[in-house]
Amino acid sequence: MAELHVVEVGPRDGLQNEAVVLDPVTRSAFVSRLVAAGHHRIETVSFVHPERVPQMAGAEEVMAAVPRVGPDGRAVSHIGLVLNERGLERAIAAGVDEVNLVAVTTETFNQRNQGAGLDAVLDATARMVERAGQARVSSTVTVAAAFGCPFEGEVTTEQVLRVVEAVLPAGPDEIALADTIGVGVPADVRRLVGAVRDITDVPLRVHLHNTRNTGYANAWAAVEAGVVAIDASAGGFGGCPFAPAATGNIATEDLVYLLGRSGLDVGLVVEDLVDPASWIAAALGADRTPALLGRAGTFPS
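The shown structure was predicted, so the numbers you read here are calculated from the model rather than taken from an experiment.

The rules behind these values
Residues numbered from 1 in each chain as written. Predicted model: local features only at pLDDT ≥ 70, side-chain atom pairs only at ≥ 80, totals over all residues. Heavy atoms only, no water. Helix = DSSP H or I, 4+ residues; strand = E, 2+ residues; numbered from the N terminus. Phe/Tyr/Trp six-rings, centres within 6.5 Å; stacked < 30°, edge-to-face > 60°. Buried < 20%, exposed > 50% of the residue type's maximum accessible area, 1.4 Å probe, protein only. Core = buried A, V, L, I, M, F, W, Y, C linked by side-chain atoms within 4.5 Å. Contact = heavy atoms within 4.5 Å. 1 Å grid on protein atoms, 1.4 Å probe; cavity = no way out; pocket = protein on both sides within 12 Å on 5 of 7 lines; lining within 4 Å. Points joined across faces, edges and corners; volume = space filled by probe spheres on them. Nonpolar A, V, L, I, M, F, W, Y, C, P; charged D, E, K, R; others polar. Pairing = 2+ DSSP bridges. Right-handed = clockwise from strand over helix to strand, strands pointing away. Axes fitted to C-alpha atoms, helices over the stretch in contact; angles between N-to-C directions. Parallel < 35°, antiparallel > 145°, perpendicular 65-115°, else oblique. Left-handed = near helix turned anticlockwise from the far one by under 90°. Salt bridge = Lys/Arg side-chain N within 4 Å of Asp/Glu carboxyl O.

Some details on unusual backbone geometry
Okay, so step 1: At the junction of Phe-299 and Pro-300, the peptide bond is cis and its omega measures out at -10° in the coordinates.
Okay, so step 2: Relative to the assigned elements, Pro-300 resides in the segment after α11 (293-296).
Okay, so step 3: Although it is not a glycine, Ala-145 adopts a positive phi angle of roughly 55°.
Okay, so step 4: With respect to the helices and strands, Ala-145 occurs in the loop between β5 (138-144) and α6 (157-167).

Printed below as a string of C-alpha cells:
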C-alpha cells in the first residue's frame, strides 16, 4: 500500500445513511460493478447490529457473493467496518481481508456511535487490532470526528493524538483521519497529518466528507502531505447515521479526475467509474448523483 490509491467506500458509507434499504443481493451486485470498474480495495460491508443500521444488514451474505479477483487477475481486498468485538468475530468469520476499526475523538460522539465512553473504546480498539493481527487480517484504525464533532464542537490536535497514541502499541497496519461531518479545510489536513506523522510512520489514510464543499481541496492537501490512501464513494453518496447533517463523501469519479489531471495515476479510469455510480443512484431511486463528473463528462471528452 505504499503508492497513493483510492479506497472505495460506496458499499458501506455510501449506503448506510440512505432512506432506501438495499438488500444483500443488490449490494453485492454493486460491489461487483465496482470491481469491474477497476477497484482493488473496497469497504464492502459493516458488521453493526441491523437494528441500529438496517442498511448494512446481511453483511455475511454480501461477503459470500462478492468477487475476490478483479478482471485484471489482481486480488480484491474487502474491508469490513467493525465497531465492537462481536463485530470483529463476525468479520473474521465472513472472510474479510481487512477490518476498519473506529475510535471517535470525543466522549459524546463515542456514546452515540458505539454506546461506550472514549477510554473503553480505546481499550477495545487496541484489543481488536491485536486480535485481527492474530487472525492475519489487516487493520485500520479510523480516528473519527478528527476535524470536528457535531456534539462537542472543535477537536484539538491533542485529542486526535490521544486516540492514535492509545492504539499504536497494538500495531495497526494503517491510521485513517476522518472528517466525519465535513468541517475541515486544507490547513487542518496539513496540521493533523503532520502531527500524526511526527509520532509514527504507519501509513496514513483520509476519509473526507464534502458537507461544506471543501472535500476535494482537503484531498489534494492530503496528497501533498503524504497520505497513501483516500476514501471516496461512487457517485458521492454517504453520511453517518449518528452525525446530524453529515452529507456525502467526496465522489470517486470526481476525485480520480482531479488526481489524473494533476498527473497522478491511481490505477482507475474515470470513464469506467461513471457506470457503477449511475447504477447505484438508480437503485436508490435518485434522479442524479451528488457527483458532478457524470453530468459534465471528462475533459477532453
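Moving on, there is more to tell.
Things to note about the packing of aromatic side chains
Okay, so step 1: This structure, assessed with the given rule, holds two aromatic pairs.
Okay, so step 2: Between Phe-109 and Phe-151 the ring centres are 5.4 Å apart and the planes differ by 85°, which places this aromatic pair in the edge-to-face class. A residue pair is termed long-range when its members are at least 10 positions apart, and Phe-109 in helix α4 (residues 107-114) and Phe-151 in the loop between β5 and α6 qualify at 42 residues.
Okay, so step 3: Given the relative accessible area of 25%, Phe-151 is considered partly exposed.

Examining the nonpolar core
Okay, so step 1: Judged by nonpolar contacts, the single largest core of 92 residues is most densely connected at Phe-47, Val-99, Val-160 and Ile-230.
Okay, so step 2: Once residues within four sequence positions are removed from consideration, Val-99 is found in contact with Ile-79, Gly-80, Val-82, Leu-88, Ala-91, Ala-132, Val-137, Ser-138, Ser-139 and Thr-140.
Okay, so step 3: Counting residues in each nonpolar core, the second largest holds five residues, with Val-9, Ile-79, Val-228 and Ala-229 among its members.

Let's talk about the layout of surface pockets
Okay, so step 1: One number sums up the size of the largest pocket: a volume of about 320 Å³.
Okay, so step 2: Tallied by class, residues from the lining of the largest pocket come to five nonpolar, six polar and five charged.
Okay, so step 3: By volume, the second largest pocket is sized at about 280 Å³.
Okay, so step 4: Taken together, 19 residues make up the lining of the second largest pocket; nearest its centre are Arg-52, Leu-83, Asn-84, Glu-85 and Gln-114.
Okay, so step 5: Every element with two or more residues in the lining of the second largest pocket is listed here: α3 (85-94), α4 and α5 (118-134).
Okay, so step 6: Ranked by the residues each element gives to the lining of the second largest pocket, the list is headed by α5, at five residues.

A word on the pairing of strand β7 (residues 204-208)
Okay, so step 1: Of all five residues in β7, five are buried; the element is thus mostly enclosed.
Okay, so step 2: Here β7 shows two buried faces, one formed by Leu-204, Val-206 and Leu-208 and the other by Arg-205 and His-207.
Okay, so step 3: Looking at chain direction, strand β6 (residues 174-179) and β7 are connected through five bridges and run parallel. Bridge pairing in β7 links Ala-178 to His-207.
Okay, so step 4: As for the winding sense of the linkage, the β-α-β connection from β6 through helix α7 (residues 186-197) to β7 is right-handed.
Okay, so step 5: In this fold, the crossover linking β7 to strand β8 (residues 229-232) by way of helix α8 (residues 215-225) has right-handed handedness.

Brief notes about empty space enclosed by the protein
Okay, so step 1: Inspection of every chain in the model, using the stated rule, returns one cavity of 30 Å³ or more.
Okay, so step 2: Here the largest cavity defines a volume of roughly 290 Å³.
Okay, so step 3: Around the largest cavity, the lining is made up of 27 residues, and of these Arg-12, Gln-16, Leu-81, Asn-113 and Cys-240 lie nearest the centre.
Okay, so step 4: Elements with a minimum of two residues in the lining of the largest cavity: β2 (41-46), β4 (98-104), α4 and β5.
Okay, so step 5: In terms of residues, the lining of the largest cavity owes the most to one element, β4, which gives three residues.
Okay, so step 6: Looking at the lining of the largest cavity, its residues break down into 13 nonpolar, nine polar and five charged.

A few points about the packing of helix α1 (residues 24-36) against helix α10 (residues 270-283)
Okay, so step 1: The contact between α1 and α10 brings their axes to 9 Å, and the two run at 165°. Comparing the axis directions of α1 and α10 gives the class roughly antiparallel. In terms of crossing hand, the pair formed by α1 and α10 is right-handed. Every residue of α10 that contacts α1 at Thr-26, Ala-29, Phe-30, Arg-33 and Leu-34 is listed here: Asp-275, Pro-276, Trp-279, Ile-280 and Ala-283.
Okay, so step 2: Within the contact of α1 with α10, the residues separate by chemical class into seven nonpolar, one polar and two charged.

Digging into the pairing of β8
Okay, so step 1: A two-sided burial pattern is seen for β8, the buried positions comprising Ala-229 and Asp-231 on one face and Ile-230 and Ala-232 on the other.
Okay, so step 2: Looking at chain direction, strand β1 (residues 5-8) and β8 are connected through four bridges and run parallel. Residue pairing across strands places Val-6 opposite Ile-230, the latter belonging to β8.
Okay, so step 3: Judged from the two bridges that link them, β7 and β8 form a sheet pairing that is parallel. Considered in β8, the bridge of Arg-205 is made with Ala-229.

Quick look at the pattern of salt bridges
Okay, so step 1: Under the counting rule described, the total for this entry stands at 14 salt bridges.
Okay, so step 2: Arg-12 is paired through a salt bridge with Asp-13; the nearest N and O atoms lie 3.8 Å apart. Residue Arg-12 shares its accessibility class with Asp-13, and that shared class is buried.
Okay, so step 3: Note that Arg-68 is salt-bridged to Asp-97, the shortest N-O span being 3.2 Å. Placement of the pair is Arg-68 in the loop between α2 (59-65) and β3 (77-82) and Asp-97 in the loop between α3 and β4, with a sequence separation of 29 residues.
Okay, so step 4: Overall, Arg-68 belongs to the partly exposed group, its relative accessible area being 31%.
Okay, so step 5: Asp-97 sits in the partly exposed class, given a relative accessible area of 30%.
Okay, so step 6: Through salt bridges with shared partners, one network takes in Arg-12, Asp-13, Arg-41, Glu-43, Glu-98, Glu-174, Arg-205 and Asp-231.

Nothing here speaks to function; it is all geometry.
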